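Listed below are the residues making up each chain.
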Amino acid sequence: QVQLVESGGGTVQAGGSLRLSCVASGRSIAAYAMGWFRQAPGKDREFVAGINWIGKAIDYADSVNNRFTVTRDNTKNSIFLQMDILKAEDTAVYYCAQAQPATVRRQVEDEYNYWGQGTRVIVSA
């Protein structure tokens, strides 16, 4: 079983940047696709970004494309989310997740079976 711990959240002004990290423990995530999701107050959790096991196939939600960048470092058992040009509507709790083996549907929440507890991001206007 893998444990995922996110960090890097905080409060930032609109237009600013944050870098989220997700460190896995318990076993290696190297063979699995990973994803970032977020849940804003009063809304359902939504897909943000997904990355395949080697980092060559990446997906983004339209709302964050060209502003957010997902990367991974399998040697550190970690994934990252660089968030630039942040907007008030990016305010949410951000979760990293590990996908089930061999998934290609990285945008589908049901494809993920391990989740972190989340890190809160607040973007002030």
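Here the structure is shown first, and the text comes after it.
Here the residue numbers are simple positions, counted from 1 along each chain's written sequence. Reporting of local features is limited, given that this is a predicted model, to residues whose pLDDT is at least 70; pairs of side-chain atoms are given and counted only at 80 or more, and all residues count toward the totals for whole chains, interfaces and linings. Hydrogens and water molecules were not included; the side-chain quantities draw on all heavy atoms of the structure.

1. Some remarks on the sheet that holds strand β3 (residues 18-25)
Then, in step 1: Judged by pairing direction, the sheet is antiparallel, and its four strands sit side by side in the order β1-β3-β8-β7 without closing on themselves. The sheet terminates laterally at β1 (3-7) and β7 (68-73), the two strands that pair on one side only. Averaged over all neighbouring strand pairs, the angle between strand axes comes to 15 degrees, with direction disregarded.
Then, in step 2: Strand pairing is assigned whenever DSSP detects at least two bridges linking the two strands. Under the scheme used here, helices are H or I runs from DSSP no shorter than 4 residues and strands are E runs no shorter than 2 residues, and both carry numbers assigned from the N terminus. Looking at chain direction, β7 and strand β8 (residues 78-83) are connected through six bridges and run antiparallel. Bridge pairing links Phe68 to Met83 in β8. An axis is simply a line fitted to the C-alpha atoms; with a helix, the fit covers only the stretch in contact. Between two such axes, the angle follows the N-to-C directions and lies from 0 to 180 degrees.

2. Observations concerning the pattern of salt bridges
Then, in step 1: Note on definitions: salt bridges are taken to be side-chain nitrogens of Lys or Arg within 4 Å of carboxyl oxygens of Asp or Glu. Throughout the structure, instances matching the rule amount to six salt bridges.
Then, in step 2: For Glu46, the salt bridge goes to Arg38, with nearest N and O atoms at 2.7 Å.
Then, in step 3: On the basis of relative accessibility, which here comes to 6%, the residue Arg38 falls in the buried class.
Then, in step 4: Between Arg67 and Asp90 there is a salt bridge whose closest N-O contact spans 2.7 Å. Pair noted here: Arg67 is in the loop between β6 (58-60) and β7 and Asp90 is in the loop between β8 and β9 (92-99), with a separation of 23 residues, a long-range link. Comparing Arg67 with Asp90, the two get one shared label, buried.
Then, in step 5: Residues participating in the shared-partner salt-bridge network are Arg38, Glu46, Arg67 and Asp90. Note on exposure labels: buried denotes an accessible area under 20% of the residue type's maximum, exposed denotes more than 50%, and partly exposed covers the range between, all computed with a 1.4 Å probe on protein chains only.

3. Looking at the state of the cysteines
Then, in step 1: Two cysteine sulfurs form what is called a disulfide whenever their separation falls within 2.5 Å. Following the criterion strictly, the structure yields one disulfide and no others.
Then, in step 2: Across the disulfide from Cys22 sits Cys96; the S-S distance is 1.9 Å. Judged by the sign of its S-S torsion, about 45 degrees, the cystine formed by Cys22 and Cys96 is right-handed. Remark: Cys96 occurs in strand β9 and Cys22 occurs in strand β3; sequence separation between them is 74 residues. Each of the two residues, Cys22 as well as Cys96, counts as buried.

4. What to know about the environment of Asn77
Then, in step 1: Residue position: Asn77 is located in the loop between β7 and β8.
Then, in step 2: The contact criterion used is simple: two residues touch if any of their non-hydrogen atoms lie within 4.5 Å. Apart from the residues within four sequence positions on either side, Asn77 is in contact with Cys22, Val23, Ala24, Ser25, Arg27, Ser28, Ile29 and Ala30.
Then, in step 3: Of note is the side chain of Asn77, whose polar atom sits 3.1 Å from the backbone oxygen of Arg27. Here a polar contact means two N or O atoms within 3.5 Å. Within protein one must be a hydrogen donor candidate and the other an acceptor candidate, and residues neighboring in sequence count only if both atoms are side-chain atoms.

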